[in-house]
Amino acid sequence: MTRGVSARWWSMAVTMAFVTACGGGDSGATPGARPTLPSGMMAAAVTNADGSAPAVPFATSTPVVRPTVLERFPHDSLAYTQGLLLDGKRLFESTGLEGQSEVREVALRTGRVIRHTATPDAAFGEGIAVLNDRLYQLTWRRGRGTVYSPAGLRVIDSVRYDGEGWGLATDGSSLYQSDGTSIVRVLEPKTFTVMRTFDVREAGQPVRWLNELEWVNDELWANVYQTNFIARIDPTSGTVKGWVDVSALLTSDERTFVGVRGGTANGIAYDRARDMVLLTGKLWPWLFVVTVPR
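Colleague: Would you mind going over the pairing of strand β19 (residues 229–233) in detail, with residue names and values included?
Modeller: Most of β19 is tucked away, with five of its five residues classed as buried. The two faces of β19 match: F229, A231 and I233 on one face and I230 and R232 on the other face are all buried. Between the end of strand β18 (residues 219–224) and the start of β19, which pair antiparallel, lie four residues, with Q226 showing a positive phi angle near 65°. Strand direction decides the pairing type here: β19 and strand β20 (residues 240–245), joined by five bridges, are antiparallel. Paired with I230 across the bridge in β20 is V244. The turn linking β19 back onto β20 is made up of six residues, and G238 within it adopts a positive phi angle of 85°.

In structure tokens form, the structure reads like this:
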């Protein structure tokens, strides 16, 4: 998503200034805060990315677990990861930022990009899902998604939807879409008709900034944007059943370097054959193969 000068893109804009000026960024800025614009400039449009990250977990009674790392592989540290999935043995990734977004097939063990296709119209790419031999990619604020052939990443169709697009996942028959709020939409895949919605809550409080989604053993998992937590959601009720804390995957130095560049945890792919999970993040140098306690 190019969230214009909204929260996400502002974080990246500060990063570019930091890199160019070798330390010229505003290190005292509040993460997620919108910038003060020069006199005479029009304020940025309000988006679901505005504000600050929710202080999850909300309740100490909700279980929190940490993943066990089995393997670690290189990941493109310039990739602003928006979506990650395994389709059989093939790993697909969607990257964001306007004019830089694409869908790519990636070699798991080396991180090499096997093939890639730019997101049409220089849109800000978002979450992806594969269903019925169609690879769907959302865009942030265009209200339009692109459909690719998984075999060659050729554009074959497009879809329309209301509001913002963030994360996308499938249970094998329907699609699940997040939009940066606490609401998840369940979609009919051919038409993107909304069949139902549910509100994701923990301890009675809505969980905003639901981002990347993945279907894992009849649970819907969601990265909460700008946090180190993955929500494990009951897709029937919307209740958060537990949290996965990924804060220890990167070293302290790696977390600092990723954070100053505008990166954050985002990227979940479930390996059904081995019952393992792949985790990464925006601008992360590594992709981790993990197990997670049930």
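Colleague: If you had to explain the packing of aromatic side chains to someone new, which residues and values would you point to?
Modeller: Considering all chains together, one arrives at ten aromatic pairs under this definition. Taking the centre distance of 6.3 Å and the plane angle of 70° together, the rings of Y80 and F124 count as edge-to-face. Residue Y80 is located in the loop between β2 (68–74) and β3 (81–87), and its partner F124 is located in the loop between β6 (113–118) and β7 (125–131); the two are separated by 44 residues in the primary sequence. Taking 5.8 Å as the distance between ring centres and 35° as the angle between the ring planes, the aromatic pair formed by Y136 and F192 counts as tilted. Highlighted residues: Y136 in strand β8 (residues 134–139) and F192 in the loop between β13 (183–187) and β14 (194–199), separated in sequence by 56 residues. Taken together through their ring pairs, the aromatic side chains of Y80, F124 and W140 make up a single cluster. Between the NZ or CZ atom of R72 and the centre of the ring of W286, over which it lies, the distance is 3.5 Å. The side chain of R208 reaches across the aromatic face of W209, ending 5.5 Å from its centre.

Colleague: Would you mind going over the sheet that holds β3 in detail, with residue names and values included?
Modeller: Spatial strand order, β3-β4-β5-β6: four strands in an open sheet with antiparallel pairing. The open sheet terminates on both sides in strands that have one partner only, identified here as β3 and β6. Each strand of the sheet is rotated relative to its neighbour by a mean of 20°, with strand direction disregarded. One ladder, built from five bridges, connects strand β4 (residues 90–95) with strand β5 (residues 102–106); its direction is antiparallel. Across the sheet, residue L91 finds its bridge partner in β5, namely V106.

Criteria and cut-off values
- Residues numbered from 1 in each chain as written.
- Predicted model: local features only at pLDDT ≥ 70, side-chain atom pairs only at ≥ 80, totals over all residues.
- Heavy atoms only, no water.
- Buried < 20%, exposed > 50% of the residue type's maximum accessible area, 1.4 Å probe, protein only.
- Helix = DSSP H or I, 4+ residues; strand = E, 2+ residues; numbered from the N terminus.
- Pairing = 2+ DSSP bridges.
- Phe/Tyr/Trp six-rings, centres within 6.5 Å; stacked < 30°, edge-to-face > 60°.
- Lys NZ or Arg CZ within 6 Å of the ring centre and 35° of its normal.
- Axes fitted to C-alpha atoms, helices over the stretch in contact; angles between N-to-C directions.

None of this, on its own, says anything about what the molecule does.
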